[in-house]
Amino acid sequence: MNEVCVWCEQETARKIEASVYWELPDGTKAIEITDVPSYYCDNCQATYQTDERVREIENQLFIINTKNIESVLSFEELMNKPRLLKRNYFDFDY
Ligand SMILES: [Zn+2]
């Protein structure tokens, strides 16, 4: 089932899993996250993640220890990493 593309607003976006490059919150390096639930638009060829997904990844990177993080890991591996804090104190929207 297709969904409305956030870029061209046509109903041509479908769910895929994509690799994304992500800069760590402290800016020390960029990692590759594979198999990230994403959308691909057949009309404008855009690959993107929803805002909620981007936020989920950013929050996770804030609350895990990224010092020894792999330079390539899957979305699932990232989300399963132990959290240092009970909640994300850096997310001021709470
Ligand atoms: Zn599109």
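Now for a look at the structure at hand. (Residues numbered from 1 in each chain as written. Predicted model: local features only at pLDDT ≥ 70, side-chain atom pairs only at ≥ 80, totals over all residues. Heavy atoms only, no water.)

## Topic: the coordination of the zinc ion
Step number 1: The protein atoms donating to the zinc ion are Cys5 (SG), Cys8 (SG), Cys41 (SG) and Cys44 (SG), with metal-donor distances spanning 2.2 to 2.3 Å.
Step number 2: With four donor atoms in place around the zinc ion and angles of 106 to 117° between them, the coordination shape is tetrahedral.
Step number 3: Of note, the zinc ion draws all its donor residues from one chain, in the sequence arrangement C-x2-C-x32-C-x2-C.
Step number 4: Classification of Cys44 as partly exposed rests on a relative accessible area of 32%. (Donors = N, O, S within 2.8 Å, 3.2 Å for Na, K, Ca; no water. Tetrahedral: all angles 85-135°; square planar, octahedral: opposite > 155°, others 65-115°. Buried < 20%, exposed > 50% of the residue type's maximum accessible area, 1.4 Å probe, protein only.)

## A few points about helix 1 (residues 51-63)
Step number 1: The end-to-end C-alpha distance of helix 1 is 18 Å, a good match for the 18 Å that 13 residues give at a rise of 1.5 Å each.
Step number 2: Along helix 1, the residues classified as buried are Ile57, Asn59, Gln60, Leu61 and Ile63.
Step number 3: Buried residues in helix 1 make contact with strand 1 (13-23), strand 2 (30-41) and helix 2 (75-79). (Helix = DSSP H or I, 4+ residues; strand = E, 2+ residues; numbered from the N terminus. Expected span 1.5 Å × (residues − 1). Contact = heavy atoms within 4.5 Å.)

## Quick notes on the nonpolar core
Step number 1: Trp22, Ile31, Ile33, Ile57, Leu61, Ile69 and Leu78 are the most contacted members of the largest nonpolar core, which totals 14 residues.
Step number 2: When residues of this core are traced back to their parent elements, those giving at least two are strand 1, strand 2, helix 1 and helix 2.
Step number 3: Among all residues touching Ile33, those that are not within four sequence positions of it are Ala18, Ser19, Val20, Trp22, Ile57, Leu73, Ser74, Phe75 and Leu78.
Step number 4: With six residues, the next largest nonpolar core counts Cys5, Ala13, Tyr39 and Cys41 among its residues. (Core = buried A, V, L, I, M, F, W, Y, C linked by side-chain atoms within 4.5 Å.)

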